[in-house]
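Listed below, chain by chain, are the residues.
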Amino acid sequence: MEKSWGGGADMHKPDMSVNIAGIKLRNPVMTASGTFGYGEEFSEYVDLEKIGAYVTKGLSLKPKAGNPTPRIVETPGGMLNAIGLQNVGIDAFVEKKLPFIRSVDTPAIVNFFGNTIDEYAELARRLDELPEVAGMEVNISCPNVKQGGIVFGTDPACAFDVVSACRKATAKPLIVKLSPNVTDVTAMARACVDAGADALSLINTLTGMAIDLQKRRPVLANVTGGLSGPAIKPVALRMVWQVSRVVKVPIIGIGGIMNATDALEFMLAGAMAVQVGTASFINPASAQQVAEGMENWLINNNVADVKNLIGALET
Ligand SMILES: Cc1cc2nc3c(=O)[nH]c(=O)nc-3n(C[C@H](O)[C@H](O)[C@H](O)COP(=O)(O)O)c2cc1C
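What you are looking at is a predicted structure, and each value in this text was computed from that prediction instead of being measured.

1. Section: the overall build of the protein
Phase 1: Check the secondary structure of the protein and you find 8 helices and 18 strands.
Phase 2: Here the protein has a C-alpha radius of gyration of 19 Å; the compact-globule value for 315 residues is 20 Å, and the two agree.
Phase 3: By principal-axis analysis of the C-alpha atoms, the protein measures approximately 60 × 50 × 40 Å.
Phase 4: Considering only residue pairs separated by 6 or more positions, the protein has 71% of its internal contacts joining residues 24 or more positions apart.
Phase 5: Here the protein has roughly 13,900 Å² of accessible surface; of this, 52% comes from carbon and sulfur atoms.

This is how it looks when you write it as structure tokens:
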């Protein structure tokens, strides 16, 4: 028998709004960092005021040129990238990108990263001063150059230290983006929440590689890269579900979301919102279409409020 979701028969428009640590979203669909530029690049293809929020390309203190090419390759059900966190740096961001962000009536969440704890804290402090920034997303999938290159997001103690430093530097909503390249994602999630994270987003890309047989060489100049797209969705769903059972903060589900069905599955698994990444490369209007598709699904299934779906998975 079909389950009832608690809506009334005379339901009109469902409530699609969610609130992530004080950031009010008109619907739960955001774009994922690194796949949507600084927002402006996509504004011709997407009505930014129809999505919940957009997350900008990861920022560092200094501009970064990224890795040598080739740095993107398609793989079965996904893609590998080794862009190397190319970005304009905080100063150019403030000067050239903020004016557009100011003009859009949708929360902008700024993703950032550093090579040391001090760099992370400095970025959090700089971003804290900008009223245009609705919240921050900390990418902890980066090596700590002061500690032999151990990736912050793969060691709970390192993650705790870097998130604590950011927490001290800002009162704005602080979202920590988790790496899936760990044995126990729940230990990482707990460490980040203990350090003061207001919300968690997961997952970042899974480390992978592709090989060119005839050349006997890796396809990517960087040898390894981050796997994204539909291939990672089952891993991402599993991690969102696991994390949702051990923390109380809102979770943003990311990984292979191509359509509304995918997004709704993440919400059942425990996510309050989702991010659309690789799908925007195939169809730049994907995020908007996912939001519209979710609303239609709610109407067709008599769900009055999208929040009724969060963690509603029955196991
Ligand atoms: C080309 C590319 C660039 C990315 N750049 C960043 C980045 O700068 N910071 C970050 O936290 N994640 C970055 N990501 C990871 C995505 O935000 C997202 O977590 C991941 O791709 C999984 O979602 P998807 O399967 O929907 O793409 C990048 C992903 C891609 C494909």
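Picking up after the structure, the text goes on.
2. Let's talk about the packing of helix α6 (residues 260-269) against helix α8 (residues 286-300)
Phase 1: Closest axis-to-axis distance for the α6/α8 pair is 8 Å, and the angle between their directions is 70°. Relative to α8, α6 is oriented roughly perpendicular. In this structure, α6 uses Ala-260, Ala-263, Leu-264 and Met-267 to contact α8, whose residues at the interface are Val-290, Gly-293, Met-294, Trp-297 and Leu-298.
Phase 2: Among the residues forming the contact of α6 with α8, the class breakdown is 8 nonpolar, 1 polar and no charged.

3. As for the pairing of strand β18 (residues 273-276)
Phase 1: Side chains Ala-273 and Gln-275 of β18 all project onto a buried face; the interleaved residues Val-274 and Val-276 project onto the opposite face, where all are buried too.
Phase 2: Pairing between strand β3 (residues 29-31) and β18: 3 bridges, direction parallel. In the sheet register, Thr-31 faces β18, and the bridge partner there is Val-276.
Phase 3: Bridge analysis of strand β17 (residues 251-254) against β18 gives 3 bridges, and the strand direction is parallel. When the bridges of β18 are listed, Ile-254 appears paired with Gln-275.
Phase 4: This β-α-β element, β17 to α6 to β18, shows right-handed connectivity.

4. Some remarks on the environment of Val-176
Phase 1: If you trace the backbone, Val-176 turns up in strand β11 (residues 174-177).
Phase 2: For Val-176, a relative accessible area of 0% puts it in the buried group.
Phase 3: Between the C-alpha atoms of Val-176 and Asp-198, which are 22 residues apart in sequence, the distance is 8.0 Å.
Phase 4: Discounting chain neighbours no more than four positions away, the residues touching Val-176 are Val-138, Ile-140, Val-163, Cys-192, Ala-197, Ala-199, Leu-200 and Ser-201.

5. Thoughts on the layout of surface pockets
Phase 1: Of the volumes computed, that of the second largest pocket is approximately 150 Å³.
Phase 2: Along its surface, the second largest pocket is lined by Pro-70, Asp-212, Lys-215, Arg-217, Pro-218, Val-219, Leu-220, Ala-221 and Val-223.
Phase 3: Split into classes, the residues belonging to the lining of the second largest pocket amount to 6 nonpolar, no polar and 3 charged.

6. Side note on a nonpolar patch on the surface
Phase 1: Residues Met-209, Ile-211 and Val-223 make up a contiguous nonpolar surface patch of roughly 290 Å² in combined accessible area.
Phase 2: What makes Ile-211 exposed here is its relative accessible area of 61%.

7. Describing the pattern of salt bridges
One side chain can pair with another of opposite charge once the charged atoms of both are near each other.
Phase 1: Counting across every chain of the model gives 12 salt bridges.
Phase 2: The salt bridge partner of Asp-305 is Lys-307, with a shortest N-O separation of 3.2 Å.
Phase 3: Note on Lys-307: relative accessible area 33%, which makes it partly exposed.
Phase 4: Through salt bridges with shared partners, a single ionic network connects Asp-15, Asp-305 and Lys-307.

8. Description of the side chain of Lys-233
Phase 1: Mapped onto the elements of the fold, Lys-233 is located in helix α5 (residues 233-244).
Phase 2: Within the local environment of Lys-233, its side chain forms a polar contact with the side chain of Glu-265, the two groups lying 2.7 Å apart.

9. Notes on the site of the ligand
Phase 1: What surrounds the ligand is a group of 25 residues, the closest being Ser-33, Lys-177, Gly-229, Gly-256 and Thr-278.
Phase 2: Separating an oxygen atom of the ligand from a side-chain N or O atom of Asn-111 is a distance of 2.9 Å.
Phase 3: At 2.6 Å, a side-chain N or O of Thr-278 approaches an oxygen atom of the ligand.
Phase 4: Along the lines of polarity and charge, the residues of the shell around the ligand split into 8 nonpolar, 15 polar and 2 charged.

10. Let's talk about the sheet that holds strand β7 (residues 108-112)
Phase 1: If you trace the 8 strands once around the closed barrel, you get β3-β4-β7-β8-β11-β12-β17-β18, paired in parallel fashion. Between one strand axis and the next, the sheet turns by 25° as a mean value, whatever way the strands run.
Phase 2: Pairing of β3 with strand β4 (residues 53-59) involves 2 bridges; the strand directions are parallel. Among the inter-strand pairings, Thr-31 is bridged to a residue of β4, identified as Tyr-54.
Phase 3: Lying on the sheet, α5 is in contact with β12 (199-202) and β17; it crosses β17 at an angle near 170°.

11. Some details on the pairing of β12
Phase 1: Side chains Ala-199 and Ser-201 of β12 all project onto a buried face; the interleaved residues Leu-200 and Leu-202 project onto the opposite face, where all are buried too.
Phase 2: Here β11 pairs with β12 via 3 bridges, running parallel. Opposite Lys-177, over in β12, you have Ser-201 as the bridge partner.
Phase 3: With respect to chirality, the unit in which β11 leads through helix α4 (residues 185-194) into the neighbouring parallel β12 is right-handed.

Thresholds, definitions, all that
Residues numbered from 1 in each chain as written. Predicted model: local features only at pLDDT ≥ 70, side-chain atom pairs only at ≥ 80, totals over all residues. Heavy atoms only, no water. Helix = DSSP H or I, 4+ residues; strand = E, 2+ residues; numbered from the N terminus. Rg over C-alpha atoms; globule rule 2.2 N^0.38 Å. Contact = heavy atoms within 4.5 Å. Areas by Shrake-Rupley, 256 points an atom, 1.4 Å probe, with all protein chains shown as cover. Axes fitted to C-alpha atoms, helices over the stretch in contact; angles between N-to-C directions. Parallel < 35°, antiparallel > 145°, perpendicular 65-115°, else oblique. Nonpolar A, V, L, I, M, F, W, Y, C, P; charged D, E, K, R; others polar. Buried < 20%, exposed > 50% of the residue type's maximum accessible area, 1.4 Å probe, protein only. Pairing = 2+ DSSP bridges. Right-handed = clockwise from strand over helix to strand, strands pointing away. 1 Å grid on protein atoms, 1.4 Å probe; cavity = no way out; pocket = protein on both sides within 12 Å on 5 of 7 lines; lining within 4 Å. Points joined across faces, edges and corners; volume = space filled by probe spheres on them. Patch = residues over 30% accessible without salt bridge, like charges linked within 9 Å, V, L, I, M, F, W, Y side chains within 5 Å. Salt bridge = Lys/Arg side-chain N within 4 Å of Asp/Glu carboxyl O. Polar contact = N/O pair within 3.5 Å; in protein donor to acceptor, adjacent residues only side chain to side chain. Near = heavy atom within 4 Å.

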